[in-house]
Structure formats: structure tokens, C-alpha cells
Amino acid sequence: MTDVLERTAPSTAPIAPQRTGPRDRFDLSGAGRVLLAVLAASAGAIHFAMVPSHMESSAVEGLGFALVAWIQVVTAVLVFTRPSRGLLRFTMFSTVVFLGIWAISRTYGLPFGEHGGHPHTADFVDLAAVGIEIALVVLAGMWLARPELGRDWSRGDLLAGAVVPLAVVAIATAAIASPSARNHAHITHAGDVTAAGVSSDGHIHGIGAAAGVAVDDKGLSALHNGHQHGTAPEVKLDPATQTALSQQLNQLSALVARYPNIAAAEAAGYRRAGPFSPGLGTHYGGFGRSFPEDVVQGVDGPLTPMLVFDGTAPDSPIAGFMLLTYQGDVNNPPEGFVGPNDHWHYHTNTCIVYKNGVIEAPLGADRDITLADCRAVGGQMINVTTNMVHVWTVPGYESPDGVFAEINPKITCPDGTYYTVKAGTTADFGVNRCKSASA
């Protein structure tokens, strides 16, 4: 009887807990949830803060920043309320993708957008976001590999861990409030801003001086192009004026189709005028030949086009135009195009050398050179040129600084910089002014 009672008596041994949920159920402590959520939300907040700056410069980049920000904020909410292995895997994957895109934009440049193909510079707000995202990937991976680390926290661990979210929030706040965030697109795009805070379009942004940091613009801000008739920002046109301007500019589309590259231009009789220069390209002109079908009608008379190519090889593509006018003089620029945005320019003291069927300018222009200097290299001196204006309407080469910008940042040296051989240091630039070409 005693044996029977002993066999039927309830056991006092603890009963092991049974799984009642799916196998993918993931237990993460409140502290772990908070830490991951703070990391994801902080990265998202930084990206949200970047949207206005980038949207102003490039709609594609602005929308990209907004998409990343929403993904990270939604991830933060879900990881706090419903953590799972699948969510942590998605968090790691998406964050690694974002980091990869950032790395490409800083080394080679993105393949799309207004600044496609031009590497951006990295500043404090970039590095803060990258650091937060790396921490997010590391912690998510660590807790996936060893889930117990994400839920078995002692009181000491909780106290130490509470400092981390506060530090992350502090770093994100400092990054968002920094000058590099307020002017992020202007600083990072092809080095548009110099240490003095003056961009390549002549606008004062007050960034480098305020931050006390020299920004490497790869030589872009050192480029200039003659004596300008005003360099004000583009004025937004009313619909009627914009329509009239668009009709004028559409005349150039025929030239893009007719002369897609240097080989086509040379076959038609165009000849090179000067070397390739970053920001300006290689110019080709008629040199006395008549191309009546290429003439563009301006408001106050015909405009003679020169073709601008991105490179010096036969297959170098057309990138823009420089239009010349013989109406008026340098003190009275022409009306040219409808609206106030076409800022014309001219050059002084230009020494021209006719050589092998092309025009060379071995001593540069707008410098204090003498007639004797020019004759020494077998050239002819042009004291003052006619008025001229660049037009950047070729698809893929639209200048971020405007249709009639002085310099086009999309035209770079082969190494992606804008460094040039200094005018006057050699009697012959050859066909390329890039410093990398002469190295």
C-alpha cells in the first residue's frame, strides 16, 4: 500500500516550461528593446534632418533620404513592440545596404541624381549616422547569435546600459544641430564649398569659416571663366517666360543629335579651340566655316554655337554649348535668351595660336600677359573677345548651378578632380589642362 501511495503521489519537481508560440518567437528584455529602438530611431532622425537640404539640391537624393528615414523609424517601433529573429535579420540587412550606398557615394559617387558620378565628402553628421548604424548591426547580430545576452541582464548591466541610449541620443542631437547637417548637400556635393564658405557659384554659405574646417573641394572653387556680367542665382521664371525660354533652348536639341561626340563634330568641319578643362570641357568651333543650320536665334539676333565635349577622345560625348554673339559689345551684353538668367561673359588678353588645324591658347586668358609674351609663342593677341555664354541643357550634363552656369561641376578630370595646370607655367597646355594628365 505504501508503495502504491509513493507511486501515485504528486511530484514536487519543477515542471519545465513548454513552448507555446512559434519557433521564431524571440524573447528580448525591455532594456535590449530600448537600446535597439534608440539606435534605429536616432539613425532615422538624422536622415529625416537631411531631407530638406538634399531635396533642394536633388529630388532623387532627397526622396532617398526620406525613404531610409521611414524604414529606420518603423524598424525602431517594431523592434520595441514586437521583436523577432526575422525583424533583427531585416534590420541588419537593410542597415548594411544603407552603409554600402553611403560608402559608394563617398568613393565613386552615386550613379543617379543631379550629382551622379561625383563623390561626396564625409563630415560629422555622416560619421555620426554611420557609427550608430554600425552599432545597430553589431548588437542585432550579437543577440541573434546569442539570444540570452539580450534578455539576461543584471541590475548592474541595466544601470550601465542606460547610459548607452542617452549617449546615442546626445550624438544624434549634436549631429542634427551641427552646421554639417544644416548645409549637408552644399558641403558634400563635389566639394562645392571652400574653407571660406564660398561655393563654386559664388554664393556665400558661411560653413567652412563658421566650422573652422577646410573642405576639400578637389579644386572646383578655383575654376573661373572670364569676366562675368553678373553671377546672381537663377531667378524662377513665370510660366509664360519659362515657355518662351524653353522654346529657345529646344533649338539646341538638334545639335545634340547632330554632334553626339567629337568624331561627328570633326567630320562636319568643327575644330578644337583650346584644351580640355574641368568644369568647361573641350570647345569646338567653326573657324570661319559656315554652319547656318546650327545657328540659334536669340532675342536680339543670331547666336553662333560652339560645341562643348566631355573629354578629348573621338567618342567623348557632347556636354553643352557656348554661344557667341556679335550684337553689342562687352559693356552692353545682349538680351540673348528670354529672362534674366543668361549671364554673359568675355575674355581679355587671350593669346591664340593656330596649330595643326586647331586653336591653342597656351598662355591662358584674362591674365597680365603682353604682346611680346604672345609673339614669343607664335601667337596672335586678342585684347577683348566677344560676349559668350555657356548653356548646359544636354541630358545628363545639366549643371546643378543652373542652365547658364559659369562652370559645370559634372565635367571633371579623369581622376574626378578639378586640379589644372597653372596658366603660364608652360608654353603649351597640350589638349588637356588637367594636372593629372600632365603628371
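Preceding this section is the structure that the text describes.
Residues numbered from 1 in each chain as written. Predicted model: local features only at pLDDT ≥ 70, side-chain atom pairs only at ≥ 80, totals over all residues. Heavy atoms only, no water.

*Asks:* Any chance you could explain the overall build of the protein chain here in plain terms?
*Replies:* The helix and strand tally for the protein chain stands at 14 helices and 11 strands. Residues counted as buried form 45% of the 439 residues belonging to the protein chain. Of the roughly 21,600 Å² of accessible surface on the protein chain, 61% is carried by carbon and sulfur atoms. (Helix = DSSP H or I, 4+ residues; strand = E, 2+ residues; numbered from the N terminus. Buried < 20%, exposed > 50% of the residue type's maximum accessible area, 1.4 Å probe, protein only. Areas by Shrake-Rupley, 256 points an atom, 1.4 Å probe, with all protein chains shown as cover.)

*Asks:* How should I be thinking about the environment of Leu 39 in this particular structure?
*Replies:* Mapping Leu 39 onto the fold places it in helix α2 (residues 30-57). A sequence separation of 97 residues divides Leu 39 from Leu 136, and the C-alpha atoms of the two residues are 6.0 Å apart.

*Asks:* Explain the pattern of salt bridges here, please?
*Replies:* Between side chains of opposite charge, a pair can form as their charged atoms come close. Counted according to the given criterion, the structure contains two salt bridges. Between Asp 294 and Arg 258 there is a salt bridge whose closest N-O contact spans 2.4 Å. With a gap of 36 residues between them, Asp 294 in the loop between β3 (282-285) and β4 (296-298) and Arg 258 in helix α11 (residues 253-258) connect regions that are remote in the sequence. The residue Glu 360 makes a salt bridge to Arg 272 at a minimum N-O spacing of 2.8 Å. With Glu 360 in strand β9 (residues 358-360) and Arg 272 in strand β2 (residues 271-272), this residue pair connects regions lying 88 residues apart in the sequence. Here the two residues Glu 360 and Arg 272 agree in accessibility, since each one is buried. (Salt bridge = Lys/Arg side-chain N within 4 Å of Asp/Glu carboxyl O.)

*Asks:* How should I be thinking about the pairing of strand β8 (residues 348-355) in this particular structure?
*Replies:* Side chains on a regular strand alternate between the two faces of the sheet. As paired strands, β8 and strand β10 (residues 380-384) are joined by four bridges and run antiparallel to one another. Bridge pairing in β10 places Cys 351 opposite Met 381. Sheet topology places β8 next to β9; three bridges connect them, and they run antiparallel. Following the sheet pairing, Tyr 354 is matched in β9 by Ile 359. Between β8 and β9, which pair antiparallel and follow one another directly, the connecting turn spans two residues, one of which, Asn 356, has a positive phi of 55°. (Pairing = 2+ DSSP bridges.)

*Asks:* What is the right way to read the nonpolar core from this model?
*Replies:* Burial of nonpolar side chains together is a common tendency in soluble globular proteins. Within the largest apolar cluster, 33 residues are counted, with the highest numbers of intra-cluster contacts made by Leu 252, Leu 307, Leu 323, Phe 337 and Val 391. Sorting the residues of this core by element identifies α10 (239-249), α12 (262-268), β5 (301-309), β6 (318-325) and β11 (387-391) as the ones contributing at least two each. In this view, Phe 337 contacts Leu 245, Gln 248, Leu 249, Val 299, Leu 303, Leu 323, Asp 342, Val 389, Val 391 and Phe 404; residues no more than four positions away in its chain are not counted. Judged by nonpolar contacts, the second largest core, of 23 residues, contains Ala 37, Val 51, Leu 87 and Leu 88. (Core = buried A, V, L, I, M, F, W, Y, C linked by side-chain atoms within 4.5 Å. Contact = heavy atoms within 4.5 Å.)

*Asks:* Explanation requested: the packing of helix α3 (residues 59-81) against helix α4 (residues 85-107) in the structure shown.
*Replies:* The packing of two helices is summarised by the inter-axis angle and the distance between the axes. One way to put it is that α3 packs onto α4 with a least axis distance of 11 Å and a crossing angle of 155°. In this view, α3 runs roughly antiparallel relative to α4, as classed from their interaxial angle. The interaxial crossing formed by α3 with α4 has left-handed handedness. Where α3 abuts α4, its residues Val 68, Ile 71, Gln 72, Thr 75, Leu 78 and Val 79 lie against Leu 87, Leu 88, Phe 90, Thr 91 and Phe 98. Split into classes, the residues belonging to the contact of α3 with α4 amount to eight nonpolar, three polar and no charged. (Axes fitted to C-alpha atoms, helices over the stretch in contact; angles between N-to-C directions. Parallel < 35°, antiparallel > 145°, perpendicular 65-115°, else oblique. Left-handed = near helix turned anticlockwise from the far one by under 90°. Nonpolar A, V, L, I, M, F, W, Y, C, P; charged D, E, K, R; others polar.)

*Asks:* Looking at this model, I keep getting lost on α10. Mind explaining?
*Replies:* For the α-helix, the turn length of 3.6 residues means that residues three or four positions removed from each other point alike. Those residues of α10 that fall on the buried side of the exposure criterion are Thr 241, Leu 245, Gln 248 and Leu 249. Around the axis of α10, the buried residues are gathered within 95° of arc, so they sit on the same side. For α10, the exposed residues lying more than 90 degrees away from the buried face are Pro 239, Ala 240 and Gln 247. The secondary structure elements touched by the buried residues of α10 are α11, β4 and β11. One side-chain oxygen of the residue at the start of α10 lies 3.1 Å from the amide nitrogen of Ala 240, identifying that residue as Asp 238. (Arc of directions from axis to C-beta. Polar contact = N/O pair within 3.5 Å; in protein donor to acceptor, adjacent residues only side chain to side chain.)

*Asks:* What is the right way to read the state of the cysteines from this model?
*Replies:* What the rule picks out here adds up to two disulfides. Between the sulfur atoms of Cys 351 and its disulfide partner Cys 374 the distance amounts to 2.1 Å. Negative torsions about the S-S bond denote left-handed disulfides, and the value of about 85° found for Cys 351 with Cys 374 makes this one right-handed. Of this pair, Cys 351 sits in strand β8 while Cys 374 sits in helix α13 (residues 371-376), and the two are 23 residues apart along the sequence. Owing to a relative accessible area of 0%, Cys 374 belongs among the buried residues under this scheme. The disulfide partner of Cys 413 is Cys 434, and the gap between their sulfur atoms is 2.1 Å. Given an S-S torsion of about -95°, the disulfide between Cys 413 and Cys 434 has left-handed geometry. Highlighted residues: Cys 413 in the loop between β11 and α14 (435-438) and Cys 434 in the loop between β11 and α14, separated in sequence by 21 residues. (Disulfide = S-S within 2.5 Å.)

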